[in-house]
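Listed here are the chains, written in short residue letters.
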Amino acid sequence: MEQSTTAPLSENPNPLCRRAWSPYVAGAGIGILSILVFLVVNKPLGMSTEISKLSGWATAIFTGSEAVSENAYWSQKKPAFGYSTVFLLATFAGAMLSAKLGGTFRWEKVPGVWRERFGPSAGKRMVGAFLGGVIILFGARLAGGCTSGHGISGTLQLALSGWIFFAVMFLSGIATAKLMFRNPSNPN
Amino acid sequence: MNLPIPTSSIGGLLCAAVFGLIFGVLLQKARVAEYDVIVNFFRLRDMTVLKVMLTAIVVGGIGVALMMTAGWLEGYHIKGTKLLGLVLGSALFGVGMVLYGYCPGTGVAAIATGSLHALVGFAGMLVGGIAYAFSYSWIDANILGVGDYGKVRLTELTGIPEFAWWALLALGAAACFTWLERSARSVGSTGHQG
């Protein structure tokens, strides 16, 4: 058990009602889940492909579905309701259930670390989050996967692509954080 | 019951619901659906993300390798290594992850815990997906073919056998965790914060 200085694990006997679990327990859980998914439906974990299919749906609202089905990308990754759609919706439901039971659900516009650096403006944070969202999904599709598909499912199969993703994403993220959170008055 | 269950069947969709629910609970309880935890990892101030991911990789990897040996799995699901696209995409992903504060999966989980900026970022992800789809023809012709090494596993690349990789990774992770916990204890209450 981690000697946690973070949110203390409360004593509630129902694990779902605790605020958080040890990162090792939760991590092992994700590992076991990926084994189960492999065994039962013969699929890796994944999220970003489904989100890019949802963007096909969103596009169809404006352009009609024909333009979407003729698109070079969406003709390969057809936007259609299926396993991955249910998986995404259920992930949402599971996280909400967990947050509600654990008592951590709260509406958040500006998170603490962002506020410390960029101030309390919600507009600023929303612009940052939106741009970040654009970049991360474009990057995920270009790389062929995200933290789930490459970072967990890929690496645990010893796929070269997964480990390259892990290393490059990690280094790029550290460099970005260094730039973004550099204190202008006290650079170090 | 015959495994694997076809994902397009009702049973498959039911599995998606169960697996997704568990995934959502795990992401939330691991605290990786929190902006501060993700961003402080990249600022090297909170190693929660590393602990969660390394544990998942070692536990899941050993499990899959064992089931593969036992013949319970049909085969691996390896993504190809299209080097240029992979490196550029992963680099963008790192930038996006720090700016957004989540990855695609944890972003979905974060919206469910009340993070409104995660929802705005989700709209951004949809736009990112649209941008990718409309530039796909060009990217496919000019980027995805550069350095295409196919589906390569580390075992084939290095000649180091499966079990040695897992022994190495498990020991490496254990050493890393021991060191992290020890330094966390000696530093006391500094380091990460909720």
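Residues numbered from 1 in each chain as written. Chains lettered and ligands numbered in written order. Predicted model: local features only at pLDDT ≥ 70, side-chain atom pairs only at ≥ 80, totals over all residues.

Q: Quick question: what am I supposed to make of the overall build of chain B here?
A: A tally of regular secondary structure across chain B gives 8 helices and 0 strands. For chain B, the α and β elements follow one another from N to C terminus as α-α-α-α-α-α-α-α. Viewed in the frame of its principal axes, chain B has a C-alpha envelope of about 50 × 40 × 40 Å. Buried positions account for 46% of the 194 residues belonging to chain B. Here the analysis covers contacts within chain B between residues at least 6 apart in sequence; of these, 57% occur between residues at least 24 apart. (Helix = DSSP H or I, 4+ residues; strand = E, 2+ residues; numbered from the N terminus. Buried ≥ 20, exposed ≤ 12 C-beta atoms within 10 Å, placed from the backbone. Contact = placed C-beta atoms within 7 Å.)

Q: I'm lost on helix 8 (residues 160-180) of chain A in this one. Help?
A: Side chains that are three or four residues apart share a direction in an α-helix, a result of its 3.6 residues per turn. An ideal rise of 1.5 Å per residue puts 30 Å on 21 residues; helix 8 of chain A measures up with 30 Å between its terminal C-alpha atoms. When we look at burial in helix 8 of chain A, the residues that qualify are Leu160, Ser161, Gly162, Phe165, Val168, Met169, Ser172, Gly173, Thr176 and Ala177 of chain A. If you follow the buried residues of helix 8 of chain A, they end up packed against helix 6 (122-143) and helix 7 (147-156) of chain A together with helix 2 (35-42), helix 4 (83-100) and helix 7 (154-158) of chain B. (Expected span 1.5 Å × (residues − 1).)

Q: Even after reading the chapter, I still don't get the interface of chain A and chain B, so can you show me in this structure?
A: Interface size is commonly expressed as the accessible surface area that is lost when the partners come together. Between chain A and chain B, the residue contacts involve 117 residues of the former and 118 residues of the latter. Those elements that provide at least two residues to the side of chain A that touches chain B are helix 1 (23-41), helix 2 (48-63), helix 4 (83-102), helix 5 (112-118), helix 6, helix 7 and helix 8 of chain A. When residues of the side of chain A that touches chain B are assigned to their parent elements, the largest contribution, 18 residues, is made by helix 6 of chain A. The class makeup of the residues in the side of chain A that touches chain B is 71 nonpolar, 39 polar and 7 charged. (Nonpolar A, V, L, I, M, F, W, Y, C, P; charged D, E, K, R; others polar.)

Q: Can you help me understand helix 4 of chain B in this one?
A: The terminal C-alpha atoms of helix 4 of chain B lie 25 Å apart, and with 18 residues this matches the ideal 26 Å at 1.5 Å per residue to within 8%. For helix 4 of chain B, a buried count of 15 out of 18 residues is recorded, marking the element as mostly surrounded by other parts of the structure.

Q: I keep staring at unusual backbone geometry and nothing clicks. Help me out?
A: Comment: phi is negative for the bulk of residues other than glycine, and the bulk of peptide bonds are trans. Residues and elements named next belong to chain B. Of note in this structure, Arg31 is not a glycine but carries a positive phi near 70°. Residue position: Arg31 is located in the loop between helix 1 (10-29) and helix 2. Judged by the 25 C-beta atoms lying within 10 Å of it, Arg31 falls in the buried class. A positive phi angle is found at Leu44, which is not glycine, with a value near 60°. Mapped onto the fold, Leu44 is located in the loop between helix 2 and helix 3 (48-70). With 11 C-beta atoms packed within 10 Å, Leu44 lands in the exposed category.

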